[in-house]
Amino acid sequence: MPPVALARDASLTRLVGTMFRAMTRDPAQAGQFAGEVTHMVRLALLARGRLRPRQDEVRAALHAGYLHAAREILLRDLHRASLTPAAVATELGISLRQLHALFEPTGLSFARTLTAARLKEAKRLLSAMQERGIDEIAFSCGFDSIATFYRVFRATYGMTPGDARRLPPQDQPANSANRIATAR
């Protein structure tokens, strides 16, 4: 099949681009992307009219593409305390139920995925920006309550944000999605 550029405004172009950016974000994980490449090819074939949208393989590719796109929006807008599932669903052009269904197989809901991303960024900023206050960092990461920030931070990392700030970066414990799940 000769190479043909996808239309700039094609609805599937965003999904293919989002998946490609996700794969290039962490080259160390390149070996884990064989399935994602297959999904990207299926989306491209769908965009060219070579596959039908009702096929199970195409549905799986659409699901993967929308999940990557939703995660990209979360990372882009995590600083907005007003970020809602409805806003993400609207931006993607899918229903709210479809958005929540995207996250079901991951084991973390939309809200927990967003909280995990906010906590990860807050932890990074606590180490990198010692001159900024803890509350300023919490608000800049999208938390609208300092009490909630401290509660979920402690539940996730087993220490307060102030304790985490005092640790050298290599001594900080890894993120635990299971602790986030029990924090809410």
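Above this text sits the structure in question.
### Topic: the packing of aromatic side chains
Here comes step 1: Applying the stated criterion across every chain, the model contains five aromatic pairs.
Here comes step 2: The interplanar angle of 80 degrees and the centroid separation of 6.0 Å between the aromatic rings of Phe 149 and Tyr 150 together place this pair among those described as edge-to-face.
Here comes step 3: Judged by its relative accessible area of 0%, Phe 149 falls in the buried class.
Here comes step 4: Taken together, the aromatic side chains of Phe 143, Phe 149, Tyr 150, Phe 153 and Tyr 157 make up a single cluster linked through ring pairs.

### Comments concerning the pattern of salt bridges
Here comes step 1: A full pass over the atoms with the stated rule returns 11 salt bridges.
Here comes step 2: Linking Glu 91 and Arg 14 is a salt bridge whose minimum nitrogen-to-oxygen distance equals 2.9 Å. With Glu 91 in helix α4 (residues 85-92) and Arg 14 in helix α1 (residues 11-25), this residue pair connects regions lying 77 residues apart in the sequence.
Here comes step 3: Given a relative accessible area of 33%, Glu 91 falls into the partly exposed group.
Here comes step 4: On the accessibility criterion, Arg 14 (30% relative accessible area) is partly exposed.
Here comes step 5: For Glu 104, the salt bridge is made with Arg 97, and the minimal N-O distance between the two is 2.9 Å.

Calculation rules
Residues numbered from 1 in each chain as written. Predicted model: local features only at pLDDT ≥ 70, side-chain atom pairs only at ≥ 80, totals over all residues. Heavy atoms only, no water. Phe/Tyr/Trp six-rings, centres within 6.5 Å; stacked < 30°, edge-to-face > 60°. Buried < 20%, exposed > 50% of the residue type's maximum accessible area, 1.4 Å probe, protein only. Salt bridge = Lys/Arg side-chain N within 4 Å of Asp/Glu carboxyl O. Helix = DSSP H or I, 4+ residues; strand = E, 2+ residues; numbered from the N terminus.

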